Structures are given as C-alpha cells and as structure tokens.
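Here is how the chains run, residue by residue.
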Amino acid sequence: MEHGLPDRVVTVSYHLTRLYRAGLLTRLRDTSSVRYQRTGEADRLLAHAM
C-alpha cells in the first residue's frame, strides 16, 4: 500500500495515471483533488468498440 491508502484507491490511481500517460484522459488538479476527463481520442476508441 502507498501512504496507508486502501489497496483499491492505489489501484484506481495507478490505472488513471496509465490512461493519462496514454493520452486517453486529461487531468485537472485542484487544491485537494484531481479530476480526470476522457479525451476525444478515448471517446473515439470507445465509440468504435461499441
């Protein structure tokens, strides 16, 4: 575990970071939080998959 956080929080953070680095998410940092949003590329990939 990282910083005493539950395993599921660390896992979500890991996957969000991977998606961000792949260009599939944008990230907006606030004082005490981080918001993620899909990019246009992620939307296109999801539309194609369905």
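Because the structure is predicted, anything quoted here is derived from the model rather than measured.

Caption draft 1: How the structure looks around the pairing of strand β2 (residues 34-38). Where burial is concerned, little of β2 is hidden: zero out of the five residues are buried. In the sheet, strand β1 (residues 25-29) pairs with β2 via five bridges, with the strands oriented antiparallel. Residue pairing across strands places Thr-26 opposite Gln-37, the latter belonging to β2. Where β1 folds back on β2, the antiparallel hairpin that results is connected by four residues.

Caption draft 2: Broad picture of the packing of aromatic side chains. This model, assessed by the stated rule, comprises zero aromatic pairs. The positively charged end of Arg-27 is found above the aromatic ring belonging to Tyr-20, 3.8 Å away from the centroid.

Caption draft 3: Focus on the pattern of salt bridges. In total, this model carries two salt bridges according to the counting rule given. Between Arg-38 and Asp-43 there is a salt bridge, and its shortest N-O distance comes to 2.6 Å. Arg-44 is the partner of Glu-41 in a salt bridge, and the nearest nitrogen-oxygen pair spans 3.3 Å. With a gap of three residues between them, Glu-41 and Arg-44 both fall in helix α2 (residues 40-49), about one helical turn apart. Given the relative accessible area of 53%, Arg-44 is considered exposed.

Caption draft 4: Here's a closer look at the environment of Val-34. Along the chain, Val-34 turns up in strand β2. Ignoring anything within four residues of it in the chain, the contact list for Val-34 reads Arg-27, Leu-28 and Arg-29.

Caption draft 5: Quick peek at a positive patch on the surface. A cluster of basic residues, Arg-18, Arg-21, Arg-27 and Arg-29, forms a positive patch on the protein surface. Secondary-structure elements contributing two or more residues to the positive patch are α1 (7-21) and β1. The exposure class assigned to Arg-21 is exposed, which follows from its relative accessible area of 68%.

What counts as what
Residues numbered from 1 in each chain as written. Predicted model: local features only at pLDDT ≥ 70, side-chain atom pairs only at ≥ 80, totals over all residues. Heavy atoms only, no water. Buried < 20%, exposed > 50% of the residue type's maximum accessible area, 1.4 Å probe, protein only. Helix = DSSP H or I, 4+ residues; strand = E, 2+ residues; numbered from the N terminus. Pairing = 2+ DSSP bridges. Phe/Tyr/Trp six-rings, centres within 6.5 Å; stacked < 30°, edge-to-face > 60°. Lys NZ or Arg CZ within 6 Å of the ring centre and 35° of its normal. Salt bridge = Lys/Arg side-chain N within 4 Å of Asp/Glu carboxyl O. Contact = heavy atoms within 4.5 Å. Patch = residues over 30% accessible without salt bridge, like charges linked within 9 Å, V, L, I, M, F, W, Y side chains within 5 Å. Areas by Shrake-Rupley, 256 points an atom, 1.4 Å probe, with all protein chains shown as cover. Lys, Arg positive; Asp, Glu negative; His and termini not counted. Charge placed at Lys NZ, Arg CZ, Asp CG, Glu CD.

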